[in-house]
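Geometric and topological summary
Spelled out from the first residue to the last, the chains are:
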Amino acid sequence: MQRMAVAPDDQMLEIGCGRGAAVSLVADHLTSGRIVAIDRAATMVRLATQRNRSHIDAGRAEIRRAGFESADLPTGHFTKIFAVNVSLFWLGDAAQQIARMRSLLTPGGRLYVFGERPTSAHATANLTATELLLESHGFATTTSSATRGQGHVLTCVTGTPGAPRRARTDPAQ
């Protein structure tokens, strides 16, 4: 969560909150801000809600059962949107979802796509694919990675709506 530099007044969205661990970490830093967390699975929403009851009661967190495509979310509201190990960035055509994320961000807002991979090679491939995906949809990107326990590599691609950071060329052309 350090990578996102959560500010006390941030309005945040987590896509695919799972058991709510990130919700807890983020909500601990919020005072006037709020995190909305969504997940498709009823079991995950129940567990995340139990884990974050005090943050929900304090108005710092809201957890909903919803898929990203159908979630009722306010346009231009979120200062930061993030996802950890969410397949929509790697499976199928993510163009509509990324366009929606862009529309949900405030001017100057940021998108954070985290992935945890078992090896450096997997992490590098993940970083490259995510960076290319976001840049091809008009985000300027920065990347980072760090090795964590048991050799897993945590990666993050940060995207800001705007012109892509650099031009890419296909070496096969």
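In short, a report on the structure.

About the thresholds
Residues numbered from 1 in each chain as written. Predicted model: local features only at pLDDT ≥ 70, side-chain atom pairs only at ≥ 80, totals over all residues. Heavy atoms only, no water. Core = buried A, V, L, I, M, F, W, Y, C linked by side-chain atoms within 4.5 Å. Buried < 20%, exposed > 50% of the residue type's maximum accessible area, 1.4 Å probe, protein only. Helix = DSSP H or I, 4+ residues; strand = E, 2+ residues; numbered from the N terminus. Contact = heavy atoms within 4.5 Å. Polar contact = N/O pair within 3.5 Å; in protein donor to acceptor, adjacent residues only side chain to side chain. Pairing = 2+ DSSP bridges. Right-handed = clockwise from strand over helix to strand, strands pointing away. Salt bridge = Lys/Arg side-chain N within 4 Å of Asp/Glu carboxyl O.

To continue, consider the nonpolar core. Counting residues in each nonpolar core, the largest one holds 25 residues, and the members touching the most others are L13, I15, F68, L73 and I81. When residues of this core are traced back to their parent elements, those giving at least two are β1 (11-15), β2 (34-39), β4 (78-84), α4 (95-104), β5 (105-117) and α5 (120-136). If we skip the residues at most four places from it in the chain, I15 touches I38, F68, I81, F82, A83, V84, V86, L88 and M101.

This part covers the environment of R34. Mapped onto the elements, R34 comes out in strand β2. A C-alpha to C-alpha distance of 7.8 Å links R34 and E62, two positions 28 residues apart in sequence. In this structure R34 touches D10, Q11, M12, G59, R60, A61 and E62, once residues within four positions along its chain are discounted. For R34, the side chain forms a polar contact with the side chain of E62, separated by 3.0 Å.

Right, let's get into the pairing of β1. Most of β1 sits inside the fold, with five of its five residues counted as buried. With burial as the criterion, each face of β1 is covered, one bearing Q11, L13 and I15 and the other bearing M12 and E14. In this sheet, β2 lies alongside β1 in parallel orientation, the contact comprising five bridges. Across the sheet, residue I15 finds its bridge partner in β2, namely I38. Taken together, β1, helix α1 (residues 21-27) and β2 form a β-α-β motif whose crossover is right-handed. Sheet analysis places β1 next to β4, joined by four bridges and oriented parallel. Bridging from a neighbouring strand, I15 pairs with A83 of β4.

You can see T141 is positioned in strand β6 (residues 139-147). T141 gets classed as buried once you look at its relative accessible area, which sits at 2%. A distance of 3.4 Å separates polar atoms of two side chains, one belonging to T141 and the other to E131. A polar atom in the side chain of T141 sits 2.6 Å from the side chain of E135.

Right, let's talk about the pattern of salt bridges for a bit. In total, this model carries five salt bridges according to the counting rule given. For the salt bridge of K80 with D10, the shortest nitrogen-to-oxygen distance reads 2.7 Å. Of this pair, K80 sits in strand β4 while D10 sits in the segment before β1, and the two are 70 residues apart along the sequence. A salt bridge links R53 to D57; the nearest nitrogen and oxygen atoms lie 3.5 Å apart. Placement of the pair is R53 and D57 together in helix α3 (residues 53-57), with a separation of four residues, close to one helical turn. The class for D57 is exposed, based on a relative accessible area of 57%. Through salt bridges with shared partners, a single network forms among R34, E62 and R64.

Here we take up the side chain of T155. Along the chain, the position of T155 falls in strand β7 (residues 153-161). Owing to a relative accessible area of 1%, T155 belongs among the buried residues under this scheme. Among the polar contacts listed, one links the side chain of T155 to the side chain of N126, at a separation of 3.0 Å. In this structure, T155 is in contact with V113, F114, G115, A123, N126, L127, S144 and S145, ignoring residues within four places of it in sequence.

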